[in-house]
Amino acid sequence: MSQYVRLAGSFGETENDMTNAQISFVMQAKSKVLNNKRLDHLIYPSDHSIQNNGTIYHSKRSYGYANTAFNFELGVAVADGIVQRMEHHPAWNELRYDAVESQLCRGMNENFPDRAEVMGRLDLSAANDFQLGNFPNNINSPSPERFLGEPFRWNGGSTSLDKIVSYRILDRIKNDDPQMAEALAPVEELMTRMTSHWFDLRGEERANWLQSASLYEWDFRPQNIFEPVRQQVCDYLATKPGENN
């Protein structure tokens with residue numbers, strides 16, 4: 001069973017698997033027997049990958065399984081767009097701390113904010129902004145337990161969209177809040193490394209990095225970054241003035 005949400009028009013539960021017809025077409029295109037100039041510039045995975053495994057492997061990614069590469073990059077791009085929209089909202093400075101606290105501090109801070117309420121005040125919602133597809137269809141997926149009660153958790157494979165959004169908000173806060181920067185000090189080097197590549201690289205530099213980066217070295221899982229500093233961050237957030245503290 002696929003670990004990815006079914007998005008109409010992209011991949012689906014078979015992930016990177018190719019049909020026999022697709023295998024035949026790709027092999028013909030690769031050998032140029034189709035005589036189609038539009039296909040001549042394409043770079044293909046190895047014959048073994050196509051013929052023996054029936055798998056399409058993205059030649060411009062070091063970890064070229066297409067669905068994994070797609071989900072990694074899609075999650076980061078959507079999260080960055082969400083946080084940019086938040087930053088332009090009049091209530092951003094007031095609510096950015098609540099947005100992080102509602103994610104990281106459930107069960108730790110006595111009066112942690114309600115996430116749906118915070119996002120609603122920022123003109124965001126789970127169904128419209130955190131579910132990359134039709135939310136009711138996701139609930140009817142083979143694993144509905146991933147979505148029930150947690151509609152902000154669009155699943156990207158190794159992490160979820162809400163965690164990437166919270167990471168990006170924390171990344172923004174620490175730049176102008178010395179106390180938050182101090183709380184995040186144990187993971188500052190790792191955050192700087194991840195942000196500078198997953199979020200900041202553009203153009204040819206980004207393309208070159210994606211083609212050479214090792215998945216195991218650059219696997220972006222914000223939840224693993226949060227854990228060593230969760231207590232310090234939540235202790236600090238509990239002191240911030242606001243409706244929920």
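Below: a short report on this structure. Bear in mind the structure is a predicted one, so any value in this text is a computation, not a measurement.

### So, the overall build of the chain
Working step 1: The secondary structure content of the chain amounts to 14 helices and 0 strands.
Working step 2: Along the chain, helices (α) and strands (β) appear in the sequence α-α-α-α-α-α-α-α-α-α-α-α-α-α when read from the amino end.
Working step 3: Across the 245 residues in the chain, those meeting the buried criterion constitute 47%.
Working step 4: Looking at the chain as shown, the accessible area adds up to about 12,900 Å², and 49% of this sits on carbon and sulfur atoms.

### Concerning the nonpolar core
Working step 1: Met86, Val165, Ile169, Met180, Trp198, Phe220 and Val233 are the most contacted members of the largest nonpolar core, which has 51 residues in total.
Working step 2: The greatest single-element share of this core, amounting to 7 residues, is contributed by helix H8 (residues 161–176).
Working step 3: Discounting residues that sit within four places of it in the chain, Met86 has contacts with Trp92, Met119, Leu122, Leu124, Val165 and Ile169.

### Description of the state of the cysteines
Note on terminology: a disulfide is the covalent bond linking the sulfur atoms of two cysteines.
Working step 1: Under the counting rule described, the total for this entry stands at 1 disulfide.
Working step 2: Note that Cys105 is cross-linked by a disulfide to Cys234, the S-S spacing being 2.1 Å. Between Cys105 and Cys234, the disulfide has an S-S torsion of -95° and is therefore left-handed. Residue Cys105 is located in the loop between helix H4 (92–104) and helix H5 (115–121), and its partner Cys234 is located in helix H14 (residues 230–237); the two are separated by 129 residues in the primary sequence.

### Regarding a nonpolar patch on the surface
Working step 1: A grouping of Phe25, Val33 and Leu34 is seen on the molecular surface, where their side chains present a nonpolar patch of about 270 Å² in accessible area.
Working step 2: Locating Leu34 in the fold gives a position in the loop between helix H1 (20–30) and helix H2 (47–52).

### Details of empty space enclosed by the protein
Working step 1: A complete count under the given rule lists 5 cavities of 30 Å³ or more for this structure.
Working step 2: Roughly 150 Å³ of internal volume is contained in the largest cavity.
Working step 3: Lining of the largest cavity is provided by 14 residues; of these, Tyr63, Phe72, Trp198, Leu210 and Leu215 occupy positions nearest its centre.
Working step 4: When residues of the lining of the largest cavity are traced back to their parent elements, those giving at least two are helix H3 (66–87), helix H11 (203–212) and helix H12 (215–218).
Working step 5: Among the elements that line the lining of the largest cavity, the one with the most residues is H3, at 4 residues.
Working step 6: Of the residues in the lining of the largest cavity, the class split is 9 nonpolar, 3 polar and 2 charged.

### Some points on H1
Working step 1: Among the residues making up H1, those that are buried are Ile23, Val26, Met27 and Ala29. For H1, the buried positions fall inside an angular range of 160° around the axis, keeping them on one side. Pointing more than 90 degrees away from the buried face of H1 are the exposed residues Asn20 and Ala21.
Working step 2: Remark: Lys32 follows H1 within two positions and exhibits a positive phi of approximately 65°.

### Re the packing of aromatic side chains
Working step 1: Considering all chains together, one arrives at 8 aromatic pairs under this definition.
Working step 2: Taking 5.0 Å as the distance between ring centres and 85° as the angle between the ring planes, the aromatic pair formed by Trp198 and Trp209 counts as edge-to-face. Placement of the pair is Trp198 in helix H10 (residues 188–199) and Trp209 in helix H11, with a sequence separation of 11 residues.
Working step 3: Given the relative accessible area of 8%, Trp209 is considered buried.
Working step 4: Measuring from centroid to centroid gives 5.3 Å for Trp209 and Trp218, while their planes differ by 90°, and the two rings are edge-to-face.

### Observations regarding the environment of His197
Working step 1: Among the structural elements, His197 can be located in helix H10.
Working step 2: The spacing of His197 and Ala213 is 16 residues in sequence and 9.9 Å in space, taken between C-alpha atoms.
Working step 3: What His197 contacts, discounting residues up to four positions off in sequence, is Arg206, Trp209 and Trp218.

What counts and how
- Residues numbered from 1 in each chain as written.
- Predicted model: local features only at pLDDT ≥ 70, side-chain atom pairs only at ≥ 80, totals over all residues.
- Heavy atoms only, no water.
- Helix = DSSP H or I, 4+ residues; strand = E, 2+ residues; numbered from the N terminus.
- Buried < 20%, exposed > 50% of the residue type's maximum accessible area, 1.4 Å probe, protein only.
- Areas by Shrake-Rupley, 256 points an atom, 1.4 Å probe, with all protein chains shown as cover.
- Core = buried A, V, L, I, M, F, W, Y, C linked by side-chain atoms within 4.5 Å.
- Contact = heavy atoms within 4.5 Å.
- Disulfide = S-S within 2.5 Å.
- Patch = residues over 30% accessible without salt bridge, like charges linked within 9 Å, V, L, I, M, F, W, Y side chains within 5 Å.
- Salt bridge = Lys/Arg side-chain N within 4 Å of Asp/Glu carboxyl O.
- 1 Å grid on protein atoms, 1.4 Å probe; cavity = no way out; pocket = protein on both sides within 12 Å on 5 of 7 lines; lining within 4 Å.
- Points joined across faces, edges and corners; volume = space filled by probe spheres on them.
- Nonpolar A, V, L, I, M, F, W, Y, C, P; charged D, E, K, R; others polar.
- Arc of directions from axis to C-beta.
- Phe/Tyr/Trp six-rings, centres within 6.5 Å; stacked < 30°, edge-to-face > 60°.

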